[in-house]
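If you want the building blocks of each chain, they are given just below.
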Amino acid sequence: MAVETNAAAGNRLDVDVAPVSGVPVTMACWFNASDATSLYRLPIINDKDLATASGHWFALLGRGDVVGDPVHYHIQAGVGSIIEISTTTGYTANMWHHACSVSASATSHAVYLDGGGKGTLTTSRSPTGLDYFAVGVLRYSTSSYFGGSSTFRYAHVAVWNAGLVDDEVAALAAGFSPLCIRPESLVTYCPLGGRFGRGDYKDIMGLASLSTPGSVTDVDFGQKVIYPASSSLGLGSSASPPAADFPYTLLHGGLGIA
Amino acid sequence: MASGDTLLVFPAWSGVPTSSNGATFDTRNNHPCADFDDTTNESLVFSGVMPQQYGGGGVTVYLHYAMTSATSGDIDWDAAFERIGDQQQDVDSDSFASSNSVDNTTVPGTSGNVDIASIAFTDGADMDSVASGEEFRIKVTRDATSDTASGDAELRHVEIRES
């Protein structure tokens, strides 16, 4: 499952709590944009109480409005300080892609598309006062910016309070659930459906449920997701039961009654 | 449990990479696996409860792996147990027993072929005295600084059998 929203005004998922207070931070999600001509706001963490020009934020963006349709990672920490990191590859409309931004420190920033196309920047930026987390909007005290008017879909939105490394980002793009990747640092994980249920926008790491101002729709998610597995229990050799009336069936992770 | 019987099977993606030098998850032709570097010793930790069927005869750990690209050279694997048990281990710290090893295993001549390497543990201190019904962890490490096969090793499953 995934969530679809039209990026017009009012349509978003958000919560008035920030998953992190600053660097290090990693944000990631799967997204599927209906065009490669619009700007799409993917996960964003910012200080919603500041005016636009003086804002602090980490923002992951699908830039269909830029030549090559890259994913951008914007960081601003006060007036006139915005920096932009771009992937070296671009996304394709109506296909699922994985986007990830990493700020391992104030001077180490990277952005990835589908586990590669890495762009990096070492300019020092360290936003503060963060109090808002959203997908689909960059919100300020005086205004909100939503992006293009086309529909886009997203799923498995996650935030870590650590800077993931290249192999870990590649594993996410290969389909591993964020639960498999450095789980001790995973602070927000909104699957937006799947095995966690349709229409369920909670953060299963306990941050807060996302609200859905405007209009969002539950849609299919056309990618595999590899969740953490449990062990399987051995039941014995061929010389052991089951006898003809043995009532038990071996199930993954334990025994069940047949 | 009879000798040779399977006690537990862990898929690689049920493991947790160690905080430093952890193996990393990957897929190969849609098969999930865990990659272990060829230059740095990396580890993956699995958690389980020793089944009641464990008869105290010691265990053998079977590592199902393939090489990403290598078709020559050898690989070294280590495994170590940590008993959690009933008030036996403060989980705020780690306390793995010394590892046992299987060294100098020649890797398959075809990189996509899965090999099975085994490491034996005697009952008692050798497996940190893990007993039936007790929670435990097992850490699997590729001893990459000692082996010679180039490129990643892809761990797929870990099987524990009664020895």
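Refer to the structure above for everything that follows.
A brief look at the structure comes next. Every value quoted in this text rests on a predicted model; they were computed, and no experiment measured them.

## A short note on the sheet that holds strand β5 (residues 43-49) of chain B
Residues and elements named next belong to chain B.
Line of reasoning, step 1. Across the sheet, which stays open at both edges, the five strands sit in the order β2-β5-β10-β7-β8 with antiparallel pairing between neighbours. Strands with a single pairing partner mark the edges of an open sheet, and in this sheet they are β2 (16-17) and β8 (100-106).
Line of reasoning, step 2. Examined bridge by bridge, strand β7 (residues 74-83) and strand β10 (residues 135-142) share seven bridges and lie antiparallel to one another. By the bridge assignment for β10, A80 is matched with K139.

## Section: empty space enclosed by the protein
Residue and element names in this part refer to chain A.
Line of reasoning, step 1. A complete count under the given rule lists one cavity of 30 Å³ or more for this structure.
Line of reasoning, step 2. By volume, the largest cavity amounts to about 60 Å³.
Line of reasoning, step 3. Together, A28, W30, H98, H156, L172, G175, F176, S177, P178 and V225 line the largest cavity.
Line of reasoning, step 4. Residues belonging to the lining of the largest cavity are distributed by class as follows: six nonpolar, four polar and no charged.

## Thoughts on the interface of chain B and chain A
Line of reasoning, step 1. Of the residues lining the interface, 23 residues belong to chain B; the matching set on chain A comes to 21 residues.
Line of reasoning, step 2. Counting each side, the surface lost to burial between chain B and chain A is near 1600 Å², with a carbon and sulfur contribution of 62%.
Line of reasoning, step 3. A per-residue breakdown of the area chain B buries against chain A is headed by W13, T24 and F25 of chain B, which together make up 29% of the total.
Line of reasoning, step 4. The tally of links between chain B and chain A comes to zero salt bridges.
Line of reasoning, step 5. The interface formed by chain B and chain A holds one residue pair in polar contact (both at pLDDT 80 or more) in total.
Line of reasoning, step 6. Element by element, the count of residues in the side of chain B that touches chain A is highest for strand β1 (residues 6-11) of chain B, at six residues.
Line of reasoning, step 7. Here the side of chain B that touches chain A is built from residues that sort into 14 nonpolar, seven polar and two charged.

## Some words on the pattern of salt bridges
Where charged atoms of side chains with opposite charge meet at close range, the side chains can pair.
Residues and elements named next belong to chain A.
Line of reasoning, step 1. Going through the model one piece at a time under the given rule, you end up with 15 salt bridges over all chains.
Line of reasoning, step 2. D49 serves as the salt-bridge partner of K48, at 3.9 Å between the closest nitrogen and oxygen.
Line of reasoning, step 3. By relative accessible area, which is 13% here, K48 ends up buried.
Line of reasoning, step 4. Among the charged side chains, a salt-bridge network with shared partners connects D14, D16 and R139.

## Focus: the sheet that holds strand β5 (residues 56-63) of chain A
Residue and element names in this part refer to chain A.
Line of reasoning, step 1. Sheet architecture is open: six strands sit in the order β2-β11-β4-β5-β6-β7, paired in antiparallel fashion. On the outer flanks of this sheet lie β2 (13-15) and β7 (83-90), each paired with one strand and no other. Neighbouring strand axes in the sheet, compared pairwise and without regard to direction, differ in orientation by 15° on average.
Line of reasoning, step 2. By the bridge criterion, seven bridges tie β5 to strand β6 (residues 70-77) in an arrangement that is antiparallel. Counterpart to H56 in the pairing with β6 is A77.

Cut-off values and rules
- Residues numbered from 1 in each chain as written.
- Chains lettered and ligands numbered in written order.
- Predicted model: local features only at pLDDT ≥ 70, side-chain atom pairs only at ≥ 80, totals over all residues.
- Heavy atoms only, no water.
- Pairing = 2+ DSSP bridges.
- Helix = DSSP H or I, 4+ residues; strand = E, 2+ residues; numbered from the N terminus.
- 1 Å grid on protein atoms, 1.4 Å probe; cavity = no way out; pocket = protein on both sides within 12 Å on 5 of 7 lines; lining within 4 Å.
- Points joined across faces, edges and corners; volume = space filled by probe spheres on them.
- Nonpolar A, V, L, I, M, F, W, Y, C, P; charged D, E, K, R; others polar.
- Contact = heavy atoms within 4.5 Å.
- Buried area = accessible area lost by both parts, 1.4 Å probe.
- Salt bridge = Lys/Arg side-chain N within 4 Å of Asp/Glu carboxyl O.
- Polar contact = N/O pair within 3.5 Å; in protein donor to acceptor, adjacent residues only side chain to side chain.
- Buried < 20%, exposed > 50% of the residue type's maximum accessible area, 1.4 Å probe, protein only.
- Axes fitted to C-alpha atoms, helices over the stretch in contact; angles between N-to-C directions.

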